[in-house]
Amino acid sequence: MGFLSRLFGGGPKVDLAELKKNGALILDVRNPGEFKSGHIKGSKNIPLQELNSKMKGLKKDQVIITCCMSGMRSGSAKNILKNAGFEVYNGGGWSSLKNKI
C-alpha cells in the first residue's frame, strides 16, 4: 500500500452505508461556515483544528466515518482518531459520502 493510500484511507473497501445503518457516526471536520452551507443530516461537526481537544466527547465504541470537502482533512482526522484508538473510516467529501449512504 502506498504512502498516500495509507495517509488518506486507501486499502480494503468498506460498505459505508452498512456502517451508517449499524450506527456509525458521520464526523464532518470542516469549519462551521462550511458545515452550515450544507452537510449530511445527523452528522456531527468538529473542525479538524479542534479535533484533539474535543475527541473526548466521542465514544470509542462507536464507529466513525470522517468527511470534509474533498477528503484531505477527513484523511487527517481519520489518522488522528485511529491513533487514539477509534475505529474510523475516511468517507472523503461530504457530498459524495451523502450519495453513498
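For the chain, the name recorded in an unreviewed UniProt entry is Rhodanese-like domain-containing protein, with Brumimicrobium glaciale as its organism.

Bringing the environment of Gly 38 into the picture now. On the secondary structure map, Gly 38 appears in the loop between helix H3 (32-36) and strand S2 (44-45). C-alpha of Gly 38 to C-alpha of Trp 94: the two residues are 56 residues apart in sequence and 8.8 Å apart in space. With residues near it in sequence (within four places) discarded, Gly 38 still touches Arg 30 and Trp 94.

Attention now goes to the environment of Leu 48. Of note, Leu 48 is situated in the loop between S2 and helix H4 (51-54). When the C-alpha positions of Leu 48 and Cys 68 are compared, they lie 9.1 Å apart, and in sequence the two are 20 residues distant. If we skip the residues at most four places from it in the chain, Leu 48 touches Val 29, Arg 73, Ser 76, Ala 77 and Ile 80.

What counts, and at which threshold
Residues numbered from 1 in each chain as written. Predicted model: local features only at pLDDT ≥ 70, side-chain atom pairs only at ≥ 80, totals over all residues. Heavy atoms only, no water. Helix = DSSP H or I, 4+ residues; strand = E, 2+ residues; numbered from the N terminus. Contact = heavy atoms within 4.5 Å.

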